[in-house]
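Residue-level structure breakdown
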Amino acid sequence: MATFAVTYSYSDSTAAQRDVVRPVHVEFLKAQFENGRLLKSGPFGPEEALGALLIIAGESKSDVESLMDQDPFHEAGLIDERTVRQWNIFFGADAAQPAQPAGQPATQPAGRN
């Protein structure tokens, strides 16, 4: 599966309705986390514009869009803008292939020659 970065933008005008829908939104995200689709998520900090970042595993961009269409925040019209972008992880534990220092050949995973 590929990895996708999903961003949500919210407006101040929907804050009260987001508070009402948040419990089912959290249950939806919890279910996605438990089944391995949601890798990480959370709101942006207090000094940032209102919104959130979700890291989702998916077969394709359309697969992730279809999944995120089921988010209760989306169904209730509480997301002002949503972006879905494939994210090719190069550094970190989730990297498809760890980055190599300059001048070093890339290594093949065990069992792949």
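Everything below is about the structure printed above this text.
Note that this is a predicted model, so its numbers are computed, not measured.

Once that is clear, we can look at the pattern of salt bridges. The final tally for this structure, using the stated rule, is three salt bridges. For Asp 19, the salt bridge is made with Arg 22, and the minimal N-O distance between the two is 2.5 Å. Of this pair, Asp 19 and Arg 22 both sit in helix α1 (residues 15–34), separated by three residues, roughly a single helical turn. The class for Arg 22 is partly exposed, based on a relative accessible area of 33%.

Right, let's get into the side chain of Arg 18. Residue placement: Arg 18 occurs in helix α1. Buried and unpaired, Arg 18 has no salt bridge, with Asp 12 as the nearest side chain of opposite charge at 6.0 Å. Within the structure, the side chain of Arg 18 is placed 3.0 Å from the backbone oxygen of Ser 11, a separation counted as a polar contact. Arg 18 has contacts with Tyr 10, Ser 11, Leu 50, Phe 73 and Leu 78, leaving out every residue within four places of it along the chain.

Right, let's get into the sheet that holds strand β4 (residues 81–86). In a beta sheet, neighbouring strands are held together by backbone hydrogen bonds and run either parallel or antiparallel to one another. A sheet is described by the order of its strands in space; here four strands give the open sequence β2-β3-β1-β4, paired in antiparallel fashion. In this open sheet, the two strands that pair with only one neighbour each are β2 (38–43) and β4. Strand-to-strand twist in this sheet, taken as the mean axis angle between neighbours without regard to direction, amounts to 15°. Examined bridge by bridge, strand β1 (residues 2–9) and β4 share six bridges and lie antiparallel to one another. Bridge pairing links Ala 5 to Arg 85 in β4. This element, α1, spans β1, β2 and β3 (51–58) of the sheet and lies at about 150° to β2. Taken strand by strand, helix α2 (residues 61–68) contacts β1, β3 and β4, and its axis lies near 125° from that of β3.

Here the focus is the nonpolar core. As a rule of thumb, nonpolar side chains are buried together in soluble globular proteins. Val 6, Tyr 8, Leu 54, Ile 56, Val 64 and Met 68 are the most contacted members of the largest nonpolar core, which has 19 residues in total. The set of elements that each furnish at least two residues to this core consists of β1, α1, β3 and α2. If one sorts the elements of this core by residue count, β1 sits on top with four residues. Setting aside residues up to four positions removed in sequence, Leu 54 forms contacts with Phe 4, Ala 5, Val 6, Tyr 8, Leu 29, Leu 38, Lys 40, Ser 41 and Met 68.

Reading the values: the criteria
- Residues numbered from 1 in each chain as written.
- Predicted model: local features only at pLDDT ≥ 70, side-chain atom pairs only at ≥ 80, totals over all residues.
- Heavy atoms only, no water.
- Salt bridge = Lys/Arg side-chain N within 4 Å of Asp/Glu carboxyl O.
- Helix = DSSP H or I, 4+ residues; strand = E, 2+ residues; numbered from the N terminus.
- Buried < 20%, exposed > 50% of the residue type's maximum accessible area, 1.4 Å probe, protein only.
- Lys, Arg positive; Asp, Glu negative; His and termini not counted.
- Polar contact = N/O pair within 3.5 Å; in protein donor to acceptor, adjacent residues only side chain to side chain.
- Contact = heavy atoms within 4.5 Å.
- Pairing = 2+ DSSP bridges.
- Axes fitted to C-alpha atoms, helices over the stretch in contact; angles between N-to-C directions.
- Core = buried A, V, L, I, M, F, W, Y, C linked by side-chain atoms within 4.5 Å.

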